[in-house]
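# Observations on the model geometry
What follows is the residue order along each chain.
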Amino acid sequence: MADGIRHPTALVESDQVGEGTNVWAYAHVMKGAAVGRHCNIGDHAFIESGAIVGDEVTIKNGVAVWQYVTIENRVFLGPNCSLTNDNRPRSKREWTPVATTVREGATIGANATIVCGCHIGRYAFVGAGAVVTRPVPDHAVVVGNPARVRGYVCECCQPLSGSGTALACETCGLRYVKSRQGVSRATVPLKPKPKAAAR
Ligand SMILES: [Zn+2]
């Protein structure tokens, strides 16, 4: 088993950190936080009790992942991006948690803010400094404050081009379809097997 690197100043209180995950200087993973395998957790990051982080996730320096936040596999959280879990916060009052999920493969740019409850779709791309105030569809690129959809990106992170409902990545060749539900990978229908020739 290839264990990950634990910097001598990292504070890892959770026993649910997967193999091959690195935790760098002054990062804190609380007891009860679940972190998957082969993640990279940068300096000064904080993972709270109850937070869930998948496999192969990159958490850049200074990012806090709070309880009620779920980070799926292969997500990239850019430096100092902000996630939240309470949309009516007051000090020293009862509060109602609001969950947020960042779905597989999505990227959150540096210093972006995700208001709680705004789920981030698969392979979506949130630009640096964006303020996300509504859910982000799969593969969408959102920028600005409030963040707006400006286009779509491929799993490889290059822009998708095309007209109508057919989109494609000119870099890697993957094809997509756009519908009311968002953008998803085009599935090529399998050709039926040719029937054996009659004798
Ligand atoms: Zn591509």
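Residues numbered from 1 in each chain as written. Predicted model: local features only at pLDDT ≥ 70, side-chain atom pairs only at ≥ 80, totals over all residues. Heavy atoms only, no water.

## As for the coordination of the zinc ion
Each angle at a metal carrying four tetrahedral donors should ideally be 109.5 degrees, and each at a metal carrying six octahedral donors should ideally be 90 or 180 degrees. Distances from the zinc ion to its protein donors, Cys-154 (SG), Cys-156 (SG), Cys-169 (SG) and Cys-172 (SG), fall within 2.2 to 2.3 Å. Around the zinc ion, the four donor atoms are arranged such that angles at the metal cover 101 to 121°; this shape is classified as tetrahedral. Within one chain, the residues donating to the zinc ion are spaced in sequence as C-x1-C-x12-C-x2-C. Of this pair, Cys-156 sits in the loop between β19 (148-152) and β20 (160-161) while Cys-172 sits in the loop between β21 (166-169) and β22 (175-179), placing them 16 residues apart in sequence. (Donors = N, O, S within 2.8 Å, 3.2 Å for Na, K, Ca; no water. Tetrahedral: all angles 85-135°; square planar, octahedral: opposite > 155°, others 65-115°. Helix = DSSP H or I, 4+ residues; strand = E, 2+ residues; numbered from the N terminus.)

## With respect to the sheet that holds β20
The strand order across the open sheet formed by four strands is β20-β21-β22-β23, and the pairing between neighbours is antiparallel. Each edge of the open sheet carries a strand with a single partner, namely β20 and β23 (182-185). The sheet contact formed by β21 and β22 spans three bridges and is antiparallel. Looking at β22, one finds that Ala-166 is bridged to Val-177. (Pairing = 2+ DSSP bridges.)

## Re the pairing of β19
In the sheet, strand β18 (residues 140-143) pairs with β19 via four bridges, with the strands oriented antiparallel. Counterpart to Val-142 in the pairing with β19 is Val-149. Adjacent in sequence and paired antiparallel, β18 and β19 are bridged by four residues, among which Gly-144 carries a positive phi angle near 90°.

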